[in-house]
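Residue-level structure breakdown
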Amino acid sequence: MSDRKYDPQEIEPRWQQLWEDEATWVVANQVPGEPSDQQNSYVLEMLPYPSGEPHIGHLKVYSVGDAVAHFQRRNGKRVLHPMGYDAFGLPAENHAIKTGQPPRLSTEAAIAEFQRQFRRWGISIDWSRELATCEPDYYRWTQWIFNQLLKAGLAYRQQAHVNWCPNDQTVLANEQVIDGCCERCGAEVELRELEQWFLKITDYADRLLEDLDSVDWPENVKTMQRNWIGRSEGAEVVFTCDELGSEYPVFTTRPDTLFGATFFVLAPEHPDLQRLAAGTGNEQAVDDYVKEALARGSELRGAAEREKTGVALGRTVTNPVNGEQIPVFVADYVLMEYGTGAIMAVPAHDERDYAFAKAFELPIRRVIEGNDADGDDEGLPYGGDGPLVNSAPQFDGTPNREAVGAIVAWLESEGKGRSSVNYRLRDWLISRQRYWGCPIPVVRCPQCGIVPVPDDQLPVVLPVIEDYAPKGQSPLAAASEWVNTQCPTCGGPAQRETDTMDTFVDSSWYFLRYCDAANDEAAWDPAVLREWMPVNQYIGGVEHAILHLLYARFFCKALADLGHLDASEPFARLFTQGMITRDGAKMSKSHGNVVSPKAIVDRYGADTARAYILFIGAPDQDVDWSDEGVEGVHRFLSRLWRLSAELADQGETVDGDKAANLMLIRKANWAIDKVTADIDRRFAFNTAIAAVMELTNEVSRLRDEAGSEAKRFALESASSLCFPFAPHVTTDAYQLLTGERLWEQPWPVADPAMLESDSYELVCQVNGKLRDRVEVPSDADREQLEQAALAAPNVQAHLAGREPKKVIVVPGKLVNIVVG
RNA sequence: GCGGAUGUGGCGGAAUUGGUAGACGCGCACGGUUCAGGUCCGUGUGGAGGCAACUCUGUGGAGGUUCGAGUCCUCUCAUCCGCACCA
């Protein structure tokens with residue numbers, strides 16, 4: 001080995017500087033209408049939330065994305081690979097409350113640190129399109145989109161029971177409540193009745209569901225979205241209270257069990273409770289129960305296996321199929337936010353209703369015959385299928401599945417119900433009583449009501465304030481100079497909306513802005529979007545499987561419907577990367593197992609850090625970090641560079657041994673073939689890197705036998721193939737070897753002739769067990785293979801003179817000899 | 001409870017269509033070169049037996065299909081994730 005030493009701290013900044021100076025990764029938008037011979041490819045990683053400094057997960061997602069971007073570029077694509085910051089949000093504001101440092105300052109400091117480190121990592125970003133969602137020239141268009149949605153009736157204000165986080169002093173979207181607690185701070189969420197802004201994502205429920213079939217996404221993410229949307233088919237059936245003359249529709253997926261309904265239950269939040277209980281003598285008991293239930297909080301209330309509680313209202317309603325009067329209860333196992341907040345209870349065929357009926361000694365009537373039971377109450381509640389019983393003469397005997405349609409048809413003809421579809425998905429609550437977010441661009445005018453700020457007066461700039469502490473209303477309310485304004489319609493005194501938007505609004509359209517980031521006339525030019533959208537490859541964490549990805553899809557569809565873009569799905573292909581753990585646990589300060597990307601990059605260089613992260617396992621799986629493992633990858637890159645430098649330094653050309661040369665050239669072609677397939681088809685960066693390691697090891701092994709040309713070809717190929725994972729060292733090695741710029745070279749293509757060889761090792765099995773291996777010519781026919789296997793010494797030994805009963809020949813692989 | 005995933009050496013992980021289990025890397029052992037080494041190079045490394053050629057055994061567990069199963073089927077155990085009183 002030569003004494004040349006691999007020095008990433010010298011190599012990496014040198015190439016980064018050149019790429020920066022030449023703006024190598026900047027890609028211009030095409031002039032509309034001008035044909036291009038290059039295909040476009042939009043490669044995008046989820047934008048980071050800038051807080052403190054990047055962590056190891058950032059290094060992973062951008063290493064994966066950069067590998068894809070480089071691979072696409074060298075395969076001739078025009079690649080859009082931008083970067084930005086999801087810069088509004090609670091952490092910066094909470095930091096401000098604690099320290100007094102304005103959110104803008106801490107955010108800008110974090111962004112500066114992210115920029116520094118991203119550059120130090122050598123990620124091939126088109127920095128000309130950089131954006132931060134907290135900048136007025138970005139959120140101006142967030143506000144414009146809000147106006148568009150408002151105009152289209154997709155944004156509305158409504159009084160509603162909403163999730164309130166007592167700690168953050170703000171409302172939360174349904175999606176931000178985990179097990180009854182605030183997603184951010186973990187405080188138990190309370191229900192409050194408040195007037196809030198909503199976006200009508202439920203209008204898109206069906207399309208959000210159907211279009212999942214059209215995208216190339218991981219199945220688990222699609223499933224999560226399907227579950228979240230929660231479409232169920234059933235019927236709406238109207239029960240009536242004849243005494244009051246009121247109607248109570250219920251949603252049921254089991255109209256076939258209607259004849260088994262023996263009571264009726266309303267949710268504690270149901271608006272008609274007071275009215276129903278009035279005059280029955282049960283008012284007080286109902287009132288007490290409702291108060292208690294509402295105070296209990298959703299966490300306790302939602303606990304499974306809880307004893308059923310409830311109170312009778314002292315009223316009955318009429319079952320539309322048989323005219324029966326059934327008693328009405330209020331019980332907290334019925335949820336106001338699902339269906340109509342009222343249910344028909346069929347204790348014989350529903351576990352929850354059964355438990356309630358048992359607790360309150362209510363009648364239980366079987367209406368579906370079970371396979372096992374013979375009409376008695378054994379095996380109840382029964383959730384299976386069977387013929388109907390006790391269901392008026394006309395339905396008895398009908399298999400219950402068929403009865404669903406028949407009963408719904410009958411209800412429809414009688415005007416007492418209809419088939420119906422229900423969703424779990426709720427409208428998206430977007431207003432937040434917090435400071436550090438995008439102001440909702442509306443004004444309240446005593447004369448004109450809620451008035452949107454006209455597009456030409458946007459942005460409504462977030463004012464600088466002193467006190468960020470939450471007080472149950474937005475801190476903005478105290479900024480009286482800002483709040484008091486003129487009505488855009490009548491010019492009279494008016495007040496600004498002081499709520500800000502959920503930060504998920506900001507990140508629901510940033511990928512559109514990248515395409516036309518410098519446009520200050522419009523959010524984007526639709527013609528430019530046509531070039532780039534949809535994103536060809538989106539990469540990010542699975543933790544965004546529901547929230548961000550659902551909201552972004554909704555925005556895309558709504559904006560497409562409004563004529564602002566063509567694509568109705570934002571992300572054609574999605575890749576979700578796994579977490580990096582250490583000692584089997586998620587990295588966290590409390591565990592004391594955090595690996596800082598900065599420390600690793602400082603010590604080993606960016607190439608080692610990036611390649612190691614991709615090497616330790618399949619990028620979509622969780623993988624465990626090991627400090628010792630990094631050394632191995634560093635050794636490999638070091639060896640690749642030193643072998644290249646050594647060869648470049650070598651003055652004279654050596655012919656070398658012919659067989660060694662051929663072996664090396666074959667190995668290089670094998671690697672080209674394997675790495676290409678691994679990256680392109682499987683995202684299997686770990687095995688791709690392993691293949692380059694093998695090739696490099698082969699050069700090292702044949703160092704003294706192989707000639708200069710063969711070694712040059714092998715090392716060139718190794719650098720070329722490893723470039724997407726470790727761009728600096730490979731670029732440097734490639735230049736030493738060839739004088740060329742690696743990133744400008746087309747992706748290598750394997751020579752098919754070199755993928756074949758004259759002979760191979762034939763596996764010889766006896767009764768399926770490996771007994772010998774023999775070298776056979778590649779063109780040997782089945783008969784020859786059989787003979788070769790039979791002749792193998794250890795096969796002979798195991799046959800021990802017995803006659804083969806059967807011989808399986810798999811050309812190119814093996815021969816299996818079966819004896820009795 | 002429903003849905004999804006994972007389970008392979010001391011460790012991280014390979015095995016693409018059912019066809020040589022353990023690629024590649026770490027670690028470890030031995031040897032060499034340096035000997036200022038946190039250097040570099042070589043050999044070996046699933047377990048058991050054997051000087052060796054080899055033999056037996058082995059992919060969470062139990063069955064099955066097959067000439068042949070880590071891979072397919074049935075049951076089962078463990079861990080992780082998502083949803084959950086959703087009518």
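For the structure, check the block above.
Predicted, not measured: the structure shown is a model, and the values here were computed from it.

Let us now look at the overall build of chain A. For chain A, the helix and strand inventory stands at 27 helices and 32 strands. Summarising its shape, the C-alpha atoms of chain A cover approximately 105 × 85 × 55 Å along the three principal directions. Among the 820 residues that make up chain A, the fraction classed as buried is 53%. Contacts in chain A between residues far apart in sequence, at least 24 positions, make up 72% of those at least 6 positions apart.

As a further point, take the state of the cysteines. Put plainly, two cysteines are in a disulfide when a covalent bond ties their sulfur atoms together. Applying the stated criterion across every chain, the model contains zero disulfides. Unpaired in this structure, Cys487 has its nearest cysteine sulfur neighbour in Cys445, at a distance of 3.7 Å. Residue Cys487 is classed as buried on the basis of its relative accessible area of 3%. As a non-bridged cysteine, Cys515 has Cys556 as the owner of its nearest cysteine sulfur, 10 Å distant. With relative accessibility at 0%, the residue Cys515 sits in the buried group.

Running from N to C, helix H19 (residues 606-615) and helix H24 (residues 727-738) point in directions that differ by 115°, and their axes come no closer than 7 Å. Packed against H19, whose contacting residues are Ala606, Asp607 and Arg610, the element H24 presents Pro727, His728 and Val729 at the interface. A breakdown of the residues in the contact of H19 with H24 according to their chemical character gives three nonpolar, one polar and two charged.

Further remarks concern helix H26 (residues 782-791). All buried positions along H26 are accounted for by Leu785, Ala789 and Leu790. Across the axial projection of H26, the buried residues extend over an arc of 130°, all falling on one side. Its buried side turned inward, H26 meets strand S29 (759-766), strand S30 (769-777), helix H27 (793-799), strand S31 (806-810) and strand S32 (814-818).

Not every one of the 55 residues close to RNA strand B is listed here, only the nearest: Thr253, Lys308, Arg352, Arg603 and His798. Each atom of RNA strand B within 4 Å of the protein was classed as base or backbone; sugar and phosphate made up 62%. Note that a base oxygen of RNA strand B is positioned 2.9 Å from one of the side-chain N or O atoms of Lys674. Residue Asn816 places a side-chain N or O atom 2.6 Å away from a base oxygen belonging to RNA strand B. The element best represented in the surface near RNA strand B is helix H22 (residues 685-701), accounting for six residues. Taken together, the residues of the surface near RNA strand B break down into 18 nonpolar, 14 polar and 23 charged.

This part covers the packing of H19 against helix H20 (residues 627-649). Taken N-terminus to C-terminus, the directions of H19 and H20 make an angle of 120°; their axes are 9 Å apart at the nearest point. By the angle between their directions, the pair H19 and H20 is classed as oblique. Considering the relative orientation of H19 and H20, their crossing is right-handed. Here Asp607, Thr608, Ala611, Tyr612 and Phe615 of H19 come into contact with H20, specifically with Gly629, Val630, Val633, His634 and Leu637. Each residue belonging to the contact of H19 with H20 can be placed in one class, and the counts come to six nonpolar, three polar and one charged.

Looking at where Asp620 falls in the secondary structure, it is placed in the loop between H19 and strand S28 (623-625). Sequence separation between Asp620 and Ala267 is 353 residues; the distance between their C-alpha atoms is 42 Å. Beyond its immediate sequence surroundings of up to four residues, Asp620 is in contact with Phe575, Thr576, Gln577 and Gly578.

Throughout the structure, instances matching the rule amount to 45 salt bridges. Here Asp602 ties to Lys598 by a salt bridge, and the two come within 3.9 Å at their closest N and O atoms. Pair noted here: Asp602 and Lys598 are both in helix H18 (residues 597-604), with a separation of four residues, about one helical turn. A salt bridge links Arg701 to Glu698; the nearest nitrogen and oxygen atoms lie 2.8 Å apart. Here Glu698 and Arg701 lie together in helix H22, a separation of three residues that amounts to about one turn. Arg701 gets classed as exposed once you look at its relative accessible area, which sits at 57%. Residues joined in a network through salt bridges with shared partners are Arg157, Glu195, Arg444 and Glu497.

Turning next to the sheet that holds strand S19 (residues 442-445). The strand order S20-S19-S22-S21 describes an open sheet built from four strands, whose pairing is antiparallel. A strand with exactly one partner marks an edge of an open sheet, and here the two such strands are strand S20 (449-452) and strand S21 (484-486). Sheet twist, expressed as the average angle between the axes of neighbouring strands with direction ignored, equals 45°. Sheet topology note: the S19/S20 ladder contains four bridges and is antiparallel. Its bridge partner being in S20, Arg444 is matched across the sheet by Ile450.

Another point: H24. Taking 1.5 Å of rise per residue, twelve residues should cover 16 Å, and H24 covers 16 Å from first to last C-alpha, within 8% of that figure. For H24, the tally of buried residues reaches nine of twelve residues, placing the bulk of the element in the interior. Contacts from the buried residues of H24 go to helix H1 (8-22), helix H2 (56-74), helix H4 (103-121), H19, H20 and helix H23 (708-722). Gly739 sits one or two residues past H24 and shows a positive phi near 75°.

To continue, consider empty space enclosed by the protein. According to the stated counting rule, one finds one cavity of 30 Å³ or more in the structure shown. Estimates place the volume of the largest cavity at around 40 Å³. In terms of lining, the largest cavity is formed by Pro526, Leu529, Arg530, Met533, Leu565, Asp566 and Ala567.

Calculation notes
Residues numbered from 1 in each chain as written. Chains lettered and ligands numbered in written order. Predicted model: local features only at pLDDT ≥ 70, side-chain atom pairs only at ≥ 80, totals over all residues. Heavy atoms only, no water. Helix = DSSP H or I, 4+ residues; strand = E, 2+ residues; numbered from the N terminus. Buried < 20%, exposed > 50% of the residue type's maximum accessible area, 1.4 Å probe, protein only. Contact = heavy atoms within 4.5 Å. Disulfide = S-S within 2.5 Å. Axes fitted to C-alpha atoms, helices over the stretch in contact; angles between N-to-C directions. Nonpolar A, V, L, I, M, F, W, Y, C, P; charged D, E, K, R; others polar. Arc of directions from axis to C-beta. Near = heavy atom within 4 Å. Polar contact = N/O pair within 3.5 Å; in protein donor to acceptor, adjacent residues only side chain to side chain. Parallel < 35°, antiparallel > 145°, perpendicular 65-115°, else oblique. Left-handed = near helix turned anticlockwise from the far one by under 90°. Salt bridge = Lys/Arg side-chain N within 4 Å of Asp/Glu carboxyl O. Pairing = 2+ DSSP bridges. Expected span 1.5 Å × (residues − 1). 1 Å grid on protein atoms, 1.4 Å probe; cavity = no way out; pocket = protein on both sides within 12 Å on 5 of 7 lines; lining within 4 Å. Points joined across faces, edges and corners; volume = space filled by probe spheres on them.

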